[in-house]
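What follows is the residue order along each chain.
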Amino acid sequence: AREPSRDHEGAHGDCSRRGDGKGGLGHGSSRLVHRGMETVNVGIIGGGLMGREMASAFGRWCALQDLPMEPRLVAVADTNAEVLGWFEKIPSVTMRVTDYHDILANKDVDVCYVAVPHAFHEQIYSDVLAAGKDLLAEKPFGVDLAAAERIVSAIKRSDSFVRCSSEFPFFP
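So, a few notes on the structure that sits alongside this text. What you see is a predicted model; the values in this text were computed from it and never measured.

Rules used throughout
- Residues numbered from 1 in each chain as written.
- Predicted model: local features only at pLDDT ≥ 70, side-chain atom pairs only at ≥ 80, totals over all residues.
- Heavy atoms only, no water.
- Helix = DSSP H or I, 4+ residues; strand = E, 2+ residues; numbered from the N terminus.
- Expected span 1.5 Å × (residues − 1).
- Buried < 20%, exposed > 50% of the residue type's maximum accessible area, 1.4 Å probe, protein only.
- Arc of directions from axis to C-beta.
- Contact = heavy atoms within 4.5 Å.
- Polar contact = N/O pair within 3.5 Å; in protein donor to acceptor, adjacent residues only side chain to side chain.
- Phe/Tyr/Trp six-rings, centres within 6.5 Å; stacked < 30°, edge-to-face > 60°.
- Pairing = 2+ DSSP bridges.
- Right-handed = clockwise from strand over helix to strand, strands pointing away.
- Core = buried A, V, L, I, M, F, W, Y, C linked by side-chain atoms within 4.5 Å.
- Salt bridge = Lys/Arg side-chain N within 4 Å of Asp/Glu carboxyl O.

Across its 13 residues, helix α5 (residues 145-157) extends 18 Å between first and last C-alpha, which sits within 8% of the 18 Å expected from 1.5 Å per residue. When α5 is considered as a whole, its buried residues turn out to be Ala147, Ile151 and Ala154. Across the axial projection of α5, the buried residues extend over an arc of 55°, all falling on one side. Away from its buried face, by an angle of more than 90 degrees, α5 presents the exposed residues Leu145 and Lys156. Here the buried face of α5 lies against α4 (121-130). The distance from a side-chain oxygen at the start of α5 to the backbone nitrogen of Ala146 is 3.3 Å, and the residue carrying that oxygen is Asp144.

This is the structure:
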């Protein structure tokens, strides 16, 4: 992937749009470059405990140094409207929906973090990949070996960047 431009003055002040045909992570969206860092728009599917933990981690991103990108949480999907209410306090979240397919259809969302009950992993992970989004997935990848193998097949068919999240591995 091409290095983000650091010297453009765009419509967003010290920001500029970047479009390299791949969006830098495996799909065709444009990315925002701000303060020399590429901004990656994230949608969370599953706004429960782990969804809120991830949103909080994004809020602390500024404490990290020398990173080429920063996440910007822009969308959250959860079937529980009360859960979605928690995300109203995050100004960057402009999309709160009860159907995760709305996030998948949003061309401004680059990456989906999925934190739903295990029984839903296979379907939602496959849908995220089919939509051309990059995927940060919670473990386990499938409820059994067959489901995990189907997810791996979906990954191989996609052009998406995929990682399994292991949040707080040393947290007591």
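Between Lys139 and Pro140 the backbone carries a cis peptide bond, its omega angle lying at -5°. In this structure, Pro140 sits in the loop between β7 (134-138) and α5.

This next bit is on the packing of aromatic side chains. Within this structure, the stated rule accounts for two aromatic pairs. Centroid distance Trp86 to Phe87: 4.8 Å. Interplanar angle 80°. Geometry classified as edge-to-face. We classify Phe87 as buried; its relative accessible area is 0%.

Residue placement: Asn41 occurs in strand β3 (residues 37-45). Beyond its immediate chain neighbours, meaning those up to four positions away, Asn41 contacts Arg72, Val74, Asp108, Val109, Asp110 and Val111.

Moving on: the pairing of strand β8 (residues 162-165). Where β7 and β8 come together, four bridges link them in parallel fashion. Residue pairing for β8: Leu135 is matched across the bridge by Val162. The handedness of the β7 to β8 crossover, carried by α5, is right-handed.

A word on the nonpolar core. Core analysis: the largest hydrophobic core is formed by 23 residues, its most contacted members being Ile45, Ile103, Cys112, Val114, Val128 and Leu135. Breaking this core down by element, the ones donating at least two residues are β4 (69-77), β5 (95-97), α3 (100-105), β6 (111-114), α4, β7 and α5. Among the elements that make up this core, the one with the highest residue count is α4 (four residues). Apart from the residues within four sequence positions on either side, Leu135 is in contact with Cys112, Val114, Tyr125, Val128, Leu129, Phe161, Val162 and Arg163.

Glancing now at the pattern of salt bridges. Enumeration over the complete set of coordinates arrives at two salt bridges. Here Lys107 makes a salt bridge to Asp108, at a shortest N to O gap of 3.5 Å. We classify Asp108 as partly exposed; its relative accessible area is 44%. Between Arg150 and Glu122 there is a salt bridge; the shortest N-O distance is 2.4 Å.

With respect to the helices and strands, Gly46 occurs in the loop between β3 and α1 (49-59). Take Gly46: its relative accessible area is 6%, and that puts it in the buried class. Here the alpha-carbon distance between Gly46 and Ala77, two residues 31 residues apart in the chain, equals 5.9 Å. Apart from the residues within four sequence positions on either side, Gly46 is in contact with Gly51, Ala77, Asp78, Ala115 and Val116.

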